[in-house]
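Examining the three-dimensional arrangement
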Amino acid sequence: MSIAPPASTLPLSRSQSLDAADALDDLLDRAHEAVTPAGDVVTVLDRRVGAHPGGTMASLLVTSSSREGALRAVTALIEHALRIVALLRGWQLTEASVESIPTDQ
């Protein structure tokens, strides 16, 4: 996942990018589950959050019964962060993807 401030924003300083990453990380640290709009629950097992020159990025390790469910749930979680974290208000999700990791059944 990658998030960025509005295009009209001046380029971010390294400090601003790090502050945004910290704010996102703080919220994700408290998120043990993500829920899709359809009500499917995805468990957040781990996350990595970092800063880049254009904003922040996050990689989440989740359990899910489907890739689509994982993408919807994690997208909803990030969009929630963009609404409630003051520093991230007005920012936008610019990239979202999921990767499947095979598991032994």
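Heads up: the structure comes first, above all this text.
Figured I'd write up the structure that's included with this text. No experiment lies behind these values; they were computed from the predicted model shown. (Residues numbered from 1 in each chain as written. Predicted model: local features only at pLDDT ≥ 70, side-chain atom pairs only at ≥ 80, totals over all residues. Heavy atoms only, no water.)

1. Describing the overall build of the protein chain
Counted only if it meets this: Only DSSP runs of H or I reaching four residues or more are called helices, and only runs of E reaching two or more are called strands; each is numbered from the N terminus. As defined in this context, the radius of gyration uses C-alpha atoms, and a globule is described by 2.2 Å times the residue total to the power 0.38. Remark: exposure states derive from per-residue accessible area (1.4 Å probe, protein chains only) relative to the maximum for the residue type, with buried under 20%, exposed over 50%, and partly exposed in between. Between two residues, a contact is recorded if the distance between any of their heavy atoms is within 4.5 Å. The protein chains shown are the only cover counted for residues, whose accessible areas, like all others here, come from Shrake-Rupley with a 1.4 Å probe. In this count, Lys and Arg are taken as positive residues and Asp and Glu as negative ones, while His and the chain termini are left out. Every charge is mapped to an atom, namely NZ of Lys, CZ of Arg, CG of Asp or CD of Glu.
If you tally the helices and strands in the protein chain, you get two helices and five strands. Going from the N terminus to the C terminus, the protein chain shows its helices and strands as β-α-β-β-β-α-β. A compact globule built from 105 residues would reach a C-alpha radius of gyration of about 13 Å, and the protein chain, at 14 Å, matches this within 12%. Dimensions of the protein chain along its principal axes, counting C-alpha atoms only, are 50 × 25 × 25 Å. Every one of the 105 residues in the protein chain was classed for burial, and the buried ones make up 33%. Put simply, of all contacts in the protein chain between residues at least 6 apart along the chain, 63% involve residues at least 24 apart. Of the roughly 6,600 Å² of accessible surface on the protein chain, 51% is carried by carbon and sulfur atoms. Here the protein chain carries 8 positive and 13 negative side-chain charges, and the mean point of each set is 4 Å from the other.

2. As for helix α2 (residues 67-84)
Formally: Take the number of residues in a helix, subtract one, and multiply by 1.5 Å to get its expected span.
Counted at 1.5 Å a residue, the expected span for α2 with its 18 residues is 26 Å, and the 26 Å between its end C-alpha atoms agrees. Within the span of α2, buried status applies to Gly69, Ala70, Ala73, Val74, Thr75, Leu77, Ile78, Ala81 and Leu82. Packed against the buried residues of α2 are β1 (2-4), α1 (14-30), β2 (33-35), β3 (41-52), β4 (55-63) and β5 (92-95).

3. Structural notes on the side chain of serine 2
For serine 2, the position within the fold is in strand β1. Judged by relative accessible area, which is 12%, serine 2 ranks as buried. Those residues in contact with serine 2 that lie beyond four places of it in its chain are His52, Thr56, Met57, Gln92, Leu93, Thr94 and Glu95.

4. Quick look at the environment of leucine 45
The residue leucine 45 is located in strand β3 in this model. The class for leucine 45 is exposed, based on a relative accessible area of 52%. Not counting residues up to four positions away in its chain, the partners in contact with leucine 45 are Leu61, Val62 and Thr63.

5. Considering the sheet that holds β5
The following threshold applies: Whether two strands pair comes down to DSSP finding at least two bridges between them. To get an axis, a line is fitted to the C-alpha atoms, and for a helix only the part in contact is used. The angle between two axes follows their N-to-C directions and goes from 0 to 180 degrees.
The antiparallel open sheet is built from five strands, whose spatial order is β2-β3-β4-β1-β5. Each of the sheet's edge strands pairs with one partner strand only, and the pair in question is β2 and β5. Put simply, the sheet's adjacent strands are angled 45° from each other on average, direction ignored. In this structure, β3 lies alongside β4, joined through nine bridges in antiparallel fashion. Bridge pairing links alanine 51 to threonine 56 in β4. Sitting on the sheet, α1 touches β1, β3 and β4, and the angle it makes with β3 is about 170°.

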